[in-house]
Amino acid sequence: DYTGQTRTQALTPNGWLRAVHPADREKVAIEVATAVARGTTYETEYRLLSAAGIPRAFLARGLPVRDPSGEVIGWVGSCTDIEDARLALAQVTEREREFREIAETLPQIVWRASANVVDNNYVNARWFEYSGMEFDMTAGMGWMTALHPDDHARVGAAVQRVMETGQGYDVQYRLRRHDGEYRRFIARCTPIRDPQSGAITSWVGTSTD
C-alpha cells in the first residue's frame, strides 16, 4: 500500500530495496547483509519512498528465527514510520537551542528542572561563574549546598509546596559566591505545561542578585 510495489516486485531478491531512497540503499544493503551473515538482529533507519516517490523516515528491525538446534531458518521484521516523530524531535531540539541561547545571555541565574521540580537538569553559565560549582555538584538538589544554612528550611518548604500544589514560588535566599561571600537573591520558578493535557512537563526558574 505504501510503496506501490506489487507483491512480486517486493519479493524479488532485493526488490524491496528499490523502494528505499537511493542515497540509503547501499548502507541498508550492507547492514542487512552483515546481520544475515552473522545471524544477529539489526536495527536501522532509512527513507522509504511512497508510491508517489515521496520519502519518509522509517525505523527497520530484523530478528532471526532459529530452530531448536540454533540454526537460523528465517527472519521476521518490521518497518515503522518515524517521520512525524523525527520532525517533532527536530522541533524540540530547535526550541531547546533557542532556550539555551536566550538563557546564556541573561544576567540572572537560569535553571530548569524535570516535572518533579527536584531534578535540576540545566543551569546557565551565570550559575557556574557565581558559585564556582561543577554541574555534577549542582544536579538534582545539589545546588542547595550553596544556600546559607539559615535559609535551608524555608527554601525546602517552598520546594515542597511546589511539589504538592503544582504552583510556582517567589522566595528570597542567600547564595554563597565562589569566594565564600553570601549575597541575597530573589528566586522565581514557573511550571511549563503540555498544551494538550495541561500536565507539568518541566519547571523553569531564575535567581536574581
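So, a few notes on the structure that sits alongside this text. Keep in mind the model is a prediction, meaning the values are calculated, not measured.

**Some points on the overall build of the protein**
A count of helical and extended segments in the protein gives six helices and eight strands. Traced from its N-terminal end to its C-terminal end, the protein shows the element sequence α-α-β-β-β-α-β-β-α-α-α-β-β-β. Computed over C-alpha atoms, the radius of gyration of the protein comes to 26 Å, more than 25% over the 17 Å expected from 2.2 N^0.38 for 209 residues, which places it beyond the range of a compact globule. Counting only C-alpha atoms, the protein reaches 75 × 45 × 30 Å along its principal axes. Restricting to contacts in the protein with at least 6 residues of sequence separation, those with at least 24 account for 37%. Split by element, the accessible area of the protein, about 12700 Å² in all, is 54% carbon and sulfur. Here the protein contributes 24 positively and 28 negatively charged side chains, and the mean placements of these two sets differ by 2 Å.

**Regarding the nonpolar core**
Counting 24 residues, the largest nonpolar core has Trp 127, Tyr 169, Tyr 173 and Leu 175 as its most contacted members. The set of elements that each furnish at least two residues to this core consists of strand S4 (109-114), helix H4 (125-131), helix H6 (152-165), strand S6 (169-176) and strand S7 (182-193). In terms of nonpolar packing, the next biggest core, distinct from the first, is built from nine residues, Leu 17, Val 28, Val 32 and Phe 58 among them.

**What about the environment of Asp 170?**
Within the secondary structure layout, Asp 170 lies in strand S6. Between the C-alpha atom of Asp 170 and that of Ala 187, which follows or precedes it by 17 residues, the distance is 5.7 Å. Those residues in contact with Asp 170 that lie beyond four places of it in its chain are Ile 186, Ala 187 and Arg 188.

**Structural notes on the sheet that holds strand S3 (residues 72-81)**
Within the open sheet, the three strands sit side by side as S1-S2-S3. Their pairing is antiparallel. Single-partner strands in this sheet number two, and they are strand S1 (42-49) and S3. For this sheet, the mean angle separating the axes of adjacent strands, direction not counted, is 30 degrees. Judged from the eight bridges that link them, S1 and strand S2 (residues 55-66) form a sheet pairing that is antiparallel. Paired with Thr 44 across the two strands is Ala 60, which belongs to S2. Sheet strands touched by helix H3 (residues 83-105): S1, S2 and S3. Its angle to S2, the strand with the most contacts, is close to 120 degrees.

**What to know about the packing of aromatic side chains**
According to the stated counting rule, one finds four aromatic pairs in the structure shown. With a centroid separation of 6.0 Å and 40 degrees between ring planes, the pair formed by Trp 143 and Tyr 173 is classed as tilted. Highlighted residues: Trp 143 in the loop between helix H5 (135-138) and H6 and Tyr 173 in strand S6, separated in sequence by 30 residues. Judged on exposure class, the residue Trp 143 and its partner Tyr 173 are both buried.

Calculation notes
- All residue numbers here refer to positions counted from 1 along the written sequence of the relevant chain.
- With the structure being a predicted model, the display of local features is reserved for residues of pLDDT at least 70 and the display and counting of side-chain atom pairs for 80 or more, all residues being used for whole-chain, interface and lining totals.
- To get the side-chain values, all heavy atoms of the structure are used, and hydrogens and water are removed first.
- Segments assigned H or I by DSSP are reported as helices when at least four residues long, segments assigned E as strands when at least two residues long, and all are numbered from the N terminus.
- Two things to know: the radius of gyration comes from C-alpha atoms, and the globule rule equals 2.2 Å times the number of residues to the power 0.38.
- Any pair of residues with heavy atoms lying within 4.5 Å of one another is described as a contacting pair.
- The method behind every accessible area is Shrake-Rupley, applied with a 1.4 Å probe, and residues are considered shielded solely by the protein chains displayed.
- By the counting rule applied here, Lys and Arg register as positive and Asp and Glu as negative, while His and the ends of each chain are not counted.
- A single reference atom marks each charge: NZ on Lys, CZ on Arg, CG on Asp, CD on Glu.
- What makes a nonpolar core is a set of buried Ala, Val, Leu, Ile, Met, Phe, Trp, Tyr and Cys residues whose side-chain atoms join them at distances within 4.5 Å.
- When accessible area is computed with a 1.4 Å probe and restricted to protein chains, residues below 20% of their type maximum are described as buried, those above 50% as exposed, and intermediate ones as partly exposed.
- A pair of strands counts as paired when DSSP detects no fewer than two bridges linking them.
- Angular values range over 0 to 180 degrees, each being the angle between N-to-C directions of two axes fitted as lines to C-alpha atoms, with helices fitted over their stretch in contact.
- By convention, a stacked pair of Phe, Tyr or Trp rings (six-membered ring in the case of Trp) has centres within 6.5 Å and planes under 30 degrees apart, an edge-to-face pair has planes over 60 apart, and any other such pair is tilted.

Distances and angles like these do not, on their own, reveal function.
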